[in-house]
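This is what each chain is made of:
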Amino acid sequence: MAPATAINPDLVQERKNATINSEEFAIWWAGGSNELYKKREMAKLFYEDPQFVDHQHIANMSHKELYEYTTEKAVRFLLKLREYLKKQQPEAAPLTPIEEMYELRALMGGPLGSGLFPANFPLRLHYSMFLPTLLRQASDEQCKLWLEKAWNFDGIIGTYAQTELGHGTYLRGLETRADYDIEKQEFILNSPTLTSYKWWPGGLGLTVNMVVLMAQLYIKGRSYGFQPFLVRIRNEKTHEPEPGVDVGDIGPRIGLNGVNNGYLGLKNVRIPLNQMLSRNNQVLPDGTFVKGPEPLLLYGTMVYVRVMIVRDVSVNLLQAATIATRYSAVRRQGVEAGGQQETQIIVVVRSAGPMFEYHPPFGTILAIFKKIKSVKNFVKILKIPIVALILGSKRRRGPA
Ligand SMILES: Cc1cc2nc3c(=O)[nH]c(=O)nc-3n(C[C@H](O)[C@H](O)[C@H](O)COP(=O)(O)OP(=O)(O)OC[C@H]3O[C@@H](n4cnc5c(N)ncnc54)[C@H](O)[C@@H]3O)c2cc1C
């Protein structure tokens, strides 16, 4: 069958009736003509590339097929994106990893991300939680050791493991333990109960080989509250779980199945002293706990991601509102008294009041999205210049 190229005449008529110029709106929405141009270039780059055409709908795939397909597509996507960004940048002033992270985050949270990855992006947690936590919680020395490797996926693919089967919102209730062994200068990590198993972290199921683990710190049996630890859970070469690590996939969920959420239990897993992230708090070799300046938010990564979820959901809601509005324009249903043709649903909607009054959420969502403009505010909190220095990159733009 030949593809339908003609635009539905009802839609054409509705567009003629518009009281705003859609191109002007698009420019405002994108944040300027340049931004809109960039956005459209990026969409063309991926939508017109045959390697990103889905030949099977994800609804027809098994859980395993969906995971394998989405992960492979994500790797192709990242390779192409990095190549594209490299070409765009003058040699003298390449994007810093942070700026690249911002570009990627904005991209994945927008329509292109949801268009290309309807089951979501499998390496999302690496970018949205693992790297930001390293940036915010690791000391400069620790950043030097791990950040660049993590950025380049050089033996490190990570996620953020905070939530437990029995503990989500109530953070003080977390049960995972990190007991400091003064003699060996190591932490011993344990999940003492079933309810202490980490549950939900994205990518944990099958993909990642390292986690930032939030665990209760104990020194000589005394509790010092929960702290972040960097833990290798799968072997860098074989990808097999490390000794004492019980890890797996929590199985199909009603959505976001490309993210591969997982569970994690630990039994006497030992990590060296320098793997407690110590930008804020620190343990000295002799077991002295040094409390740092009050961290802005020890669990700031989680708060940040929640803000981003509101932003992403606002995009999804706007997409749904657009689909509903277009559909109500082209869908005709029922005949009014004496009428020959069936009535457009949008006519019924309009008769109930002006469009934006009838759909108050539409305006509200627009406002929310514009408010949570970008990740840039968070980047400020992360004290990015320090990290840019550590990674030895030049900043392309002025301060975020
Ligand atoms: C798709 C998905 C991905 C996730 N990814 C990650 C991840 O990568 N890493 C990670 O660590 N976690 C992750 N999580 C876990 C997520 O952060 C938690 O689900 C969240 O923190 C809430 O915890 P909970 O599910 O245990 O709910 P609960 O804490 O049991 O809360 C259930 C409900 O009760 C309310 N409630 C709780 N306590 C109170 C109270 N005292 N008074 C009044 N109301 C209360 C809550 O607001 C909520 O509405 C993910 C979750 C999902 C669904």
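Thresholds applied
- Residues numbered from 1 in each chain as written.
- Predicted model: local features only at pLDDT ≥ 70, side-chain atom pairs only at ≥ 80, totals over all residues.
- Core = buried A, V, L, I, M, F, W, Y, C linked by C-beta atoms within 7 Å.
- Buried ≥ 20, exposed ≤ 12 C-beta atoms within 10 Å, placed from the backbone.
- Helix = DSSP H or I, 4+ residues; strand = E, 2+ residues; numbered from the N terminus.
- Contact = placed C-beta atoms within 7 Å.
- Near = placed C-beta within 6 Å.
- Nonpolar A, V, L, I, M, F, W, Y, C, P; charged D, E, K, R; others polar.
- Axes fitted to C-alpha atoms, helices over the stretch in contact; angles between N-to-C directions.
- Parallel < 35°, antiparallel > 145°, perpendicular 65-115°, else oblique.
- Left-handed = near helix turned anticlockwise from the far one by under 90°.
- pLDDT = per-residue confidence, 0-100.
- Pairing = 2+ DSSP bridges.
- Expected span 1.5 Å × (residues − 1).
- Bend = angle between axes of the 7 residues up to and from the residue.

Moving on to the nonpolar core. Counting 43 residues, the largest nonpolar core has Leu134, Leu189, Val211, Leu213, Phe229 and Val231 as its most contacted members. Sorting the residues of this core by element identifies α7 (124-137), α8 (140-151), β1 (158-161), β2 (177-181), β3 (186-190), β5 (210-219), β6 (222-232) and β8 (262-266) as the ones contributing at least two each. No other element matches the seven residues that β5 contributes to this core. With residues up to four places along the chain from it excluded, the contact list for Val231 reads Leu189, Met210, Val211, Leu213, Val269, Ile271 and Gln275. If you look at the next biggest cluster of nonpolar residues, it comprises 10 residues, including Leu66, Leu104, Met108 and Phe121.

Turning to the site of the ligand, a few remarks are in order. Lining the immediate surroundings of the ligand are 15 residues, of which Gln162, Thr163, Gly168, Thr169 and Trp200 lie closest. At the level of secondary structure, the elements contributing two or more residues to the shell around the ligand comprise α7 and β1. No other element matches the three residues that β1 contributes to the shell around the ligand. The residue makeup of the shell around the ligand, split by class, is eight nonpolar, seven polar and no charged.

One can describe the packing of α7 onto α8 by two numbers: an axis separation of 10 Å at closest approach and a directional angle of 155°. By the angle between their axes, α7 is roughly antiparallel relative to α8. For the pair α7 and α8, the crossing hand works out as left-handed. Facing Phe130, Leu131 and Leu134 of α7, the residues of α8 in contact are Cys143, Trp146, Leu147, Ala150 and Trp151.

With that settled, consider the confidence of the model for the protein. In the predicted model, the protein carries a mean pLDDT of 84, and 81% of its residues have values of at least 70. Residue range residues 374-400 is modelled with pLDDT below 50. Its contacts to residues more than four positions away, or to other chains, number 43 contacts.

Before going further, it helps to examine the pairing of β1. Alternating positions in β1 separate into two faces, Gly158 and Tyr160 on one and Thr159 and Ala161 on the other, with burial throughout. Here β1 runs beside β5; their pairing, made up of four bridges, is parallel. Of the residues in β5, the one forming a bridge with Thr159 is Val211.

Turning to unusual backbone geometry, a few remarks are in order. The bulk of non-glycine residues show a negative phi, and the bulk of peptide bonds are trans. A positive phi is found at Gln185, a non-glycine position, where the angle reads about 50°. Position of Gln185 among the secondary structure elements: in the loop between β2 and β3. Positive phi, normally seen in glycine, also occurs at Leu256, with a value near 55°. Among the structural elements, Leu256 can be located in the loop between β7 (245-249) and β8. A residue is classified by how many C-beta atoms lie within 10 Å of it, and Leu256, with 15 of them, is partly exposed.

Attention now moves to α7. Helical geometry: 3.6 residues make up each α-helical turn, so side chains three or four residues apart lie on a common side. Here α7 contains 14 residues, and its C-alpha end-to-end distance of 19 Å stays within 8% of the 20 Å for a straight helix at 1.5 Å per residue. Its maximal kink placed at Phe130, α7 deviates by approximately 25°, while the proline Pro132 follows within four residues.

It is at 7 Å that the axes of helix α2 (residues 22-30) and helix α3 (residues 33-47) come closest, and there the two elements cross at 90°. Classed by the angle they form, the pair α2 and α3 counts as roughly perpendicular. Contact residues: α2 offers Ala26, Ile27 and Ala30, while α3 offers Ser33, Glu35, Leu36 and Lys39. Along the lines of polarity and charge, the residues of the contact of α2 with α3 split into four nonpolar, one polar and two charged.

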